[in-house]
Amino acid sequence: MREFKLYLGRMVVLRTEGKEAGVLDPEEKEERYGYIAFSKVDKDGKLLEAGFQTCHAKYLAESLKDDPLFEEEAHIEVWKYHQEKLYEFDGTLYDALLVAANEGAKYDV
């Protein structure tokens, strides 16, 4: 199971440990990824990092509800900004999007 950190703040960042292997080309993204500001994937297409505005988290969660990329099981640590660990849980990357959608506004300051 891969481990991710979800950073809540003005910008939400979902990041895993791993070497950067590539960047999604904005021209090739499907419409449902439109709210992702930046992302990095490895050579196998596995998500390494994604960033998006906190105010877009709800819309992103709606558009990615059935996306196979976000069905991956992971251990997720939730952080306030990049400074304070709030809690951790096991779930899917989609669950991490739901946390951002439901709790992110508290940290968007």
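In this text the structure is predicted, and so the values were computed from the model without any measurement.

Caption draft 1: Quick look at the pattern of salt bridges. Evaluation of the coordinates by the stated rule reveals six salt bridges. In this structure, the salt-bridge partner of K40 is E49, at a minimum N-O distance of 3.1 Å. Accessibility classification places K40 together with E49 in one group, the buried group. Among the charged side chains, a network of salt bridges with common partners joins R15, K40 and E49.

Caption draft 2: Quick peek at the packing of aromatic side chains. One pass over the structure, following the stated rule, counts four aromatic pairs. Plain terms: the ring middles of Y35 and Y59 are 5.7 Å apart, the flat faces sit at 25° to each other, and that makes the pair stacked. Of the two residues, Y35 sits in the loop between β2 (11-16) and β3 (38-41) while Y59 sits in helix α1 (residues 57-63), which places them 24 residues apart along the sequence. On the accessibility criterion, Y35 (34% relative accessible area) is partly exposed. Centre to centre, the rings of Y87 and F89 are 6.3 Å apart; their planes meet at 35°, and the pair counts as tilted. Among the residues examined, Y87 registers a relative accessible area of 30% and is labelled partly exposed.

Caption draft 3: Spatial organisation of the sheet that holds strand β1 (residues 2-8). Pairing is mixed across the open sheet formed by six strands, whose spatial order is β3-β4-β2-β1-β5-β6. The open sheet has two edge strands with one neighbour each: β3 and β6 (84-92). Going from strand to strand, the sheet's axes swing by 15° on average, the running direction of each strand aside. Across five bridges, β2 lies against strand β4 (residues 47-53) in antiparallel orientation.

Caption draft 4: Examining the pairing of β2 more closely. Here β1 runs beside β2; their pairing, made up of four bridges, is antiparallel. Looking across to β2, one finds that Y7 is bridged to V13. In sequence, β1 turns back onto β2 through a hairpin of two residues.

Analysis parameters
Residues numbered from 1 in each chain as written. Predicted model: local features only at pLDDT ≥ 70, side-chain atom pairs only at ≥ 80, totals over all residues. Heavy atoms only, no water. Salt bridge = Lys/Arg side-chain N within 4 Å of Asp/Glu carboxyl O. Buried < 20%, exposed > 50% of the residue type's maximum accessible area, 1.4 Å probe, protein only. Phe/Tyr/Trp six-rings, centres within 6.5 Å; stacked < 30°, edge-to-face > 60°. Helix = DSSP H or I, 4+ residues; strand = E, 2+ residues; numbered from the N terminus. Pairing = 2+ DSSP bridges. Axes fitted to C-alpha atoms, helices over the stretch in contact; angles between N-to-C directions.

Any link to function would need more than the numbers given here.
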